[in-house]
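What follows is the residue order along each chain.
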Amino acid sequence: MASFIERMCLYRVLVLSVFLSITQAVDRSNFKTCDQSAFCSRQRAMKPGQSSYTALLETLELSDSHLTVQLLNNNNKVLLLLELYRLQGNMTRVKINELKPIKPRYEVPDVLITDPPTELMSVLAQDEHRVVLSLGGEDWRLILSAQPFRLDIMEGPQVLLSLNSRGLLAFEQLRIRKDTISHKISSTVGSMWDKIKSVFSSKSQTDTEEAGEKEDTEKHDKEKVSEGEEEEAEEEVDQPGMWEETFKTHADTKPNGPSSISLDFSLPGVEHVYGIPEHADGLKLKNTDGGDPYRLYNLDVFQYELFNPMALYGAVPVLLSHNTHRTMGLFWLNAAETWVDVSSGQGSSEVPQTDVRWISESGIIDVFIMLGPRPNDVFTQYSSLTGTQAFPPLSSLAYHQCRWNYNDQEDVSAVDQGFDEHDIPYDFIWLDIEHTDGKRYFTWDNNKFPQPKDMLQGLLDKRRKMVTIVDPHIKVDSSYKIHTEIRSRGYYIKNKDGGDYEGWCWPGNAGYPDFTNPEMRKWWASMFAYDQYEGSMENLYTWNDMNEPSVFNGPEVTMHKDALHGPWEHRDIHNLYGFYVQMATAEGQIQRSGGLERPFVLTRAFFAGSQRYGAVWTGDNAAEWGHLKMSIPMCLSLGLVGISFCGADVGGFFKTPSAELLVRWYQAGAYQPFFRAHAHLDTPRREPWLFGPDNTALIREAVRQRYTLLPYWYLQFYHAQRTGQPVMRPLWVEYPEDIATFSIDNEFLIGRDLLVHPVTDERSSGVTAYLPGNGEVWYDVHTFQRHDGAQNLSIPVTMSSIPVFQRGGSIICRKNRVRRSSSCMENDPYTLYVALDSQGNAEGEIYIDDGHTFKHKTDKQFIHRRLSFTANSLSSSDLSPDSQFPTASWVEQVNILGAQKPDAVTLTATDGGESSVEFEFDPDTAVLTLRKPGVNAGVNWTLHLR
């Protein structure tokens, strides 16, 4: 009993400390700097110079698929194995591992969607100093230099990228601890006894193989010793933190010893690099000389600081480089804690150069070099490795209303009714942790939510939906079915001693399922079946929070690194945990519908490949202007590395926004991919109608603008899942030769055709937007005023202003009849906005399907059409003639921007018949409005301006 009371007191202290921490900025002392991370400080202490590694060219072997060569560490005489692959699509893969490790090192599974197909690699020239390999074409070469080891990728005479040119390759080999001689002797005796038993007993073949493995290990140890004696290897000195490390009160035992890796890349001619989210920092990565590197280590960080390289909730180890000539990418496939140094300056010939150094705690070096050359090529290359953004249900692109927490069914009903009474559309209402029975996920609080199906049915009647939170920490309670089943099946992560790992989180004492185990993921997915998740229905979706994983009493508020996932330590897989949680949850939603319905799952933690499973958000932000500004580069960075479905908590999660900040955040959020308002338990209620009628009207207008543009958003996500192109993208992606765009991160493009510059300053009376494109034109979507490209445009703003521009030469489809939810607008008509370029042409697309199933993929049930305006005619033609889908939607109106007044307008329909169309021309705005053409959105037609 005393033990129980002590544990409950500890729990209350922990929860209290969590609540206290949210009232102020993040406590940085809870999180490591590089100097406090033994492997990072150890690796960073190594300075650029001549590499200690030599490529032994006499060991080179070339097969149809790849090249291998051994690398010798001239200091300790340890051999590594280098593997080089030329991949289809203008990519090169570099893998480095120990030649003969004493035990396997972790290699990341499940992130790559397939084993990347290779192309033939041929030797162009070879001598004792180097090997020159062809990468396809006459100009593309890879040069492997032997002493010191170095790789250079060339296009003609130009070096595109160099690997280990600064000599920072470091690979800490697995080893036996020197101060445990007696332990080694004991192990050796035990090994010999096992061999004797294997000869004189009838042991199984498995045991015999295990003994053979031990024999190989001993032989390898002897080879290393003799090798050291012959070549006088330098004796390696153990350094602090190699075998155990303490941070604050937490000890990290390291039974495998030091295992970190490091490698440098040099990018001549490059000044701008991007990516490696998640960080609350600008879009362009900064020079880390003299400060901490960027850290990739998924952590639960309360109210994070801005302009800081600290780790946050997710980690995508992908970096993009860009200049006026080329875009390239580096994908460092490693799930352990990773630090990335960025150093920009001048190379040897006074040419700008950026050097990037990756440092990871364990695993192997496995890096994909994506050679572009255009931005869209890099997106295609990366998505061929890790997949594209999942095509979300259309309704998930609409507005979401959330807070911690809506109190009960009556509260949900009142909020739902409030949106109707104030004529504000929404599609999803969310329930946080308080909806459960004592933080037991997959359950409901019977007092507050006694009839969850009635509640869900009420939403369904209005064609609305709900999201409930399902976190991956499971309350340790013998009466809780989820816990007892996971424990009985042995699916929990283990502690270093082999027992179930337990830590403190929202339920109190909690276990953590091992989602790296495919059987655990399969079981978890089965729990979303309607007969397992009691009270669930087809309009209930899922939010995975706290899946870094968050452990309140753990080191850095996360899991101990020496916890065990089968044979692997948590340190090896840490950044994959949230990826696996979202994977299993999405699969559960798919399975519950028999494979028919698309899932919607929001995750806080993520890794490379998470785009395949749903949406992410930027975590626990604050109601501050700086956090509103930061939402833009944070989502832009995620889009660059494949995760397009990104958003930030509108209004800020912590603290209380002013009415002005809340309005401005709605206006910005309405033009970001994931659009959800969310607020902390201790903040005042902030539903959109609680700030006075004037502010309610401003918020209503912002949300309605989102709903009118849903056809365009849906089209962009259709392209994203086909091509890997980001939905929300920096200007330089579409204008790669315009240097002025390279550092812009306060405005962005949605697709190619909408440019958005949200107002993110308090009491702003004006903004300056850069309109790119020499010779291009842009139209203000509100006033239809025309502006030339390649200029900084000063824009006066009021509280109702959302500066948005449509690119001349584009056609955008909207639905202007806004209803209570997106599903209610399914059959509503379209209005086309035709923005003419300087030559009087424009084109665009329209995409239609059922909005929620996989039938667009399995049965080709969709409409995809090309809209083209040229020679004074607007036409619709089929881009996918082998697909079909019936739609009741029709073209209600066409607005042609930058037009001239015609004498007449006629419509030629599918049957060849011709009819007149009413029109109206405004000479002040040069807008021609064609009223009620009346054609179905899924057929061929042509409008002629005469």
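From a predicted model like this one, the values you see are computed outputs, not experimental measurements. Numbers given to residues run from 1 along each chain, matching the order in which its sequence is written. The predicted origin of the model limits local features to residues at a pLDDT of at least 70 and limits the giving and counting of side-chain atom pairs to 80 or more, whereas totals for whole chains, interfaces and linings rest on all residues. Only heavy atoms go into the side-chain values, all of them from the structure, while hydrogens and water stay out.

1. So, empty space enclosed by the protein
Right, so step 1: Site definitions follow a grid-based scheme: protein atoms alone, a 1 Å grid, a 1.4 Å probe that fits but cannot get out for cavities, and for pockets an open set with protein on both sides within 12 Å along at least five of seven lines, plus lining residues having an atom within 4 Å of a point. Grid points are joined across faces, edges and corners, and a volume is the space filled by probe spheres set on the points. One pass over the full model with this rule turns up 11 cavities of 30 Å³ or more.
Right, so step 2: Considered as a void within the structure, the second largest cavity measures approximately 130 Å³ in volume.
Right, so step 3: Lining the second largest cavity we find 15 residues, and of these K32, H250, D252, P555 and K561 sit closest to its centre.
Right, so step 4: Counting from the N terminus, the helices are the DSSP runs of H or I reaching at least four residues and the strands are the DSSP runs of E reaching at least two. Those elements giving two or more residues to the lining of the second largest cavity turn out to be β11 (244-247) and β12 (250-253).
Right, so step 5: For the lining of the second largest cavity, the per-class residue count stands at five nonpolar, four polar and six charged. Under the grouping applied here, Gly and all other residues not named as nonpolar or charged are polar, the nonpolar ones being Ala, Val, Leu, Ile, Met, Phe, Trp, Tyr, Cys and Pro and the charged ones Asp, Glu, Lys and Arg.

2. Examining the packing of aromatic side chains
Right, so step 1: Aromatic rings from Phe, Tyr and Trp, taking only the six-membered ring of Trp, are treated as a pair when their centres fall within 6.5 Å; an angle between ring planes under 30 degrees marks them as stacked, one over 60 as edge-to-face, and anything in between as tilted. The full count for this structure, using the stated rule, is 46 aromatic pairs.
Right, so step 2: On the numbers, 6.2 Å between centres and 70 degrees between planes, the contact of W524 with F528 is edge-to-face.
Right, so step 3: With a 1.4 Å probe rolled over the protein chains alone, any residue whose accessible area is under 20% of its type maximum counts as buried; one over 50% counts as exposed, and the rest are partly exposed. By relative accessible area, which is 1% here, F528 ends up buried.
Right, so step 4: Both rings, one in Y666 and one in F675, keep their centres 6.2 Å apart while their planes meet at 80 degrees; by these two values the pair is edge-to-face. Each member of the pair, Y666 as well as F675, carries the same accessibility label: buried.
Right, so step 5: Three or more aromatic residues joined by ring pairs form one cluster here, namely F428, W430, Y541, W543, F600, W617, F645, F674 and F717.

3. Some points on the confidence of the model for the chain
Right, so step 1: A residue's pLDDT is simply how confident the predictor is in it, with values from 0 to 100. When the pLDDT values of the chain are averaged, the result is 93; 92% of them are 70 or greater.
Right, so step 2: Note on definitions: a residue-residue contact is assigned when non-hydrogen atoms from the two residues lie within 4.5 Å. The model gives residues 1-23 a pLDDT under 50, and that stretch makes 25 contacts with residues more than four places away or in other chains.
Right, so step 3: Residue range residues 181-230 is modelled with pLDDT below 50. Its contacts to residues more than four positions away, or to other chains, number 21 contacts.

4. Topic: the pattern of salt bridges
Right, so step 1: Salt bridge, as used here, is a side-chain nitrogen of Lys or Arg placed within 4 Å of a carboxyl oxygen of Asp or Glu. Scanning all chains against the criterion turns up 58 salt bridges.
Right, so step 2: E826 is the partner of R463 in a salt bridge, and the nearest nitrogen-oxygen pair spans 3.0 Å. Placement of R463 in the loop between α7 (452-461) and β23 (465-469) and of E826 in the loop between β43 (810-814) and β44 (830-835) is noted, with a sequence separation of 363 residues between them.
Right, so step 3: Residue classification places E826 among the partly exposed residues on the basis of a relative accessible area of 36%.
Right, so step 4: Salt-bridge contacts for E843 lead to R866; the nearest nitrogen and oxygen are separated by 2.8 Å. Separated by 23 residues along the polypeptide, E843 in strand β45 (residues 842-848) and R866 in strand β46 (residues 863-870) bring together distant segments of the chain.
Right, so step 5: Exposure remark for E843: the relative accessible area of 42% places this residue in the partly exposed category.
Right, so step 6: In this structure, a network of salt bridges that share partners links the residues D252, R295, E337, E361, E556, K561, E569 and R571.

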